[in-house]
Amino acid sequence: MLSKKPNKAHKAIADCEERLSKQKRRVVVITQNIDELHHKAGSRNILELHGNLFKTRCLKCSGITVNRDSPICASLQGKGEPDPKMLDAKIPETDLPRCKKAECGGLLRPHVVWFGESLDPTVLENVDTEIEACDLCLVVGTSSVVYPAAMYAPTIAGRNVPVAEFNMEDTPVTKSFHYHFQGPAGTFLPEALAPTDTEPT
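A brief look at the structure comes next. Only a predicted model underlies this, so the values are computations on that prediction, with no experimental measurement involved.

### Description of the overall build of the protein chain
Helix and strand counts for the protein chain stand at 5 helices and 8 strands. Reading the protein chain from its N end, one meets helices and strands in the order α-β-α-β-β-β-β-α-β-α-β-β-α. Along the longest, intermediate and shortest principal axes, the C-alpha atoms of the protein chain span 60 × 35 × 30 Å. Expressed as a percentage of its 201 residues, the buried residues of the protein chain come to 37%. Sequence-distant contacts in the protein chain: of pairs separated by 6 or more residues, those separated by 24 or more amount to 55%. When the accessible surface of the protein chain is summed, it comes to about 13,200 Å², and 54% of that surface belongs to carbon and sulfur atoms. Computed over 24 positive and 26 negative side-chain charges, the inter-centroid distance for the protein chain is 5 Å.

### Some points on the sheet that holds strand S3 (residues 51–58)
Here 3 strands make up an open sheet; going across it, the order is S4-S3-S5 and the pairing antiparallel. One side of each edge strand has no neighbouring strand; the edge strands of this open sheet are strand S4 (64–66) and strand S5 (108–112). Along the sheet, successive strands turn relative to each other by an average axial angle of 45 degrees, direction set aside. As paired elements, S3 and S5 share 5 bridges and run antiparallel to each other. Bridging across to S5, asparagine 52 finds its partner in histidine 111.

### So, helix H1 (residues 8–21)
Owing to its 3.6 residues per turn, the α-helix aligns residues three or four sequence positions apart on the same side. Counted at 1.5 Å a residue, the expected span for H1 with its 14 residues is 20 Å, and the 20 Å between its end C-alpha atoms agrees. Those residues of H1 not exposed but buried are Ala9, His10, Ala12, Ile13, Ala14, Cys16, Glu17 and Leu20. Of the surrounding secondary structure, the elements contacted by the buried residues of H1 are strand S1 (29–31), helix H2 (37–41) and helix H5 (185–192). If you check the start of H1, you find a side-chain oxygen 2.8 Å away from the backbone N of alanine 9, and it comes from asparagine 7.

### Looking at unusual backbone geometry
Cis geometry marks the peptide bond from serine 70 to proline 71, where omega comes out at 0 degrees. A cis geometry characterises the amide bond from tyrosine 147 onward to proline 148, with omega recorded as 10 degrees. By the secondary structure assignment, proline 148 is in the loop between strand S6 (137–140) and helix H4 (149–158). Phi at lysine 24 is positive, roughly 65 degrees, even though this residue is not glycine. Within the fold, lysine 24 resides in the loop between H1 and S1. Since its relative accessible area comes to 77%, lysine 24 is described here as exposed. Even without a glycine there, the phi angle at serine 62 is positive, about 70 degrees. Along the chain, serine 62 turns up in the loop between S3 and S4.

### Overview of the sheet that holds strand S7 (residues 163–167)
Think of a sheet as strands paired side by side through backbone hydrogen bonds, with each pair either parallel or antiparallel. Taken in spatial order, the 3 strands line up as S6-S7-S8 in an open sheet, and their pairing is parallel. Here the strands that pair on one side only, and so sit at the sheet edges, are S6 and strand S8 (179–182). Put simply, the sheet's adjacent strands are angled 15 degrees from each other on average, direction ignored. Note: S7 against S8, 4 bridges, orientation parallel. Directly across from phenylalanine 166, in S8, lies its bridge partner phenylalanine 181.

### Concerning the packing of H1 against H5
The interhelical angle for the contact between H1 and H5, taken along N-to-C directions, is 20 degrees, at an axis separation of 7 Å. With respect to each other, H1 and H5 are oriented roughly parallel. Considering the relative orientation of H1 and H5, their crossing is left-handed. Contacts between H1 and H5 involve Lys8, Ala9, Ala12 and Ile13 from the former and Ala185, Gly186, Leu189 and Pro190 from the latter. Here the contact of H1 with H5 is composed, by residue class, of 6 nonpolar, 1 polar and 1 charged.

Procedures and definitions
Residues numbered from 1 in each chain as written. Predicted model: local features only at pLDDT ≥ 70, side-chain atom pairs only at ≥ 80, totals over all residues. Heavy atoms only, no water. Helix = DSSP H or I, 4+ residues; strand = E, 2+ residues; numbered from the N terminus. Buried < 20%, exposed > 50% of the residue type's maximum accessible area, 1.4 Å probe, protein only. Contact = heavy atoms within 4.5 Å. Areas by Shrake-Rupley, 256 points an atom, 1.4 Å probe, with all protein chains shown as cover. Lys, Arg positive; Asp, Glu negative; His and termini not counted. Charge placed at Lys NZ, Arg CZ, Asp CG, Glu CD. Pairing = 2+ DSSP bridges. Axes fitted to C-alpha atoms, helices over the stretch in contact; angles between N-to-C directions. Expected span 1.5 Å × (residues − 1). Polar contact = N/O pair within 3.5 Å; in protein donor to acceptor, adjacent residues only side chain to side chain. Parallel < 35°, antiparallel > 145°, perpendicular 65-115°, else oblique. Left-handed = near helix turned anticlockwise from the far one by under 90°. Nonpolar A, V, L, I, M, F, W, Y, C, P; charged D, E, K, R; others polar.

Encoded structure:
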């Protein structure tokens with residue numbers, strides 16, 4: 001994951017955010033991705049619904065820390081991809097990553113939302129605030145089947161706010177939106193977000 005780079009769509013969103021911020025306008029990215037590519041592209045206003053793979057959370061003190069170590073601890077060196085048939089990685093608990101805060105030493109886990117876990121209520125509250133304030137919504141490269149994210153754009157469209165979907169195929173909610181652009185986001189999004197002649201500078 002560390003070697004992955006943002007594509008043209010990520011960069012177009014970041015460029016648009018920077019340009020519109022100079023006009024006192026806001027662009028907010030609400031993403032289910034945990035890969036940090038929006039950060040790498042330069043976006044600043046990002047709400048990560050499912051967390052961030054490059055952060056850890058302590059199970060004892062709940063501290064969240066940026067961690068780009070690869071592997072995250074020496075005991076995982078050379079382990080490669082996990083074997084789905086293996087029930088136990090056979091790594092002693094004493095060799096697992098630990099919180100570095102003084103007098104803590106709790107076990108660390110990735111700061112991501114795994115299946116069956118609840119989303120961060122603070123993030124959800126911030127998303128609700130942005131959804132309420134939204135005056136234009138772009139839905140980019142999602143299947144629109146994972147909730148609660150799948151309901152955000154239809155909710156916005158239900159307020160008669162323009163919603164444009166950029167996707168390789170139709171989704172279950174495509175017909176709820178005003179616009180649908182079928183094809184690679186890296187092709188369509190840079191053109192859609194490019195500055196226009198009438199745009200204030």
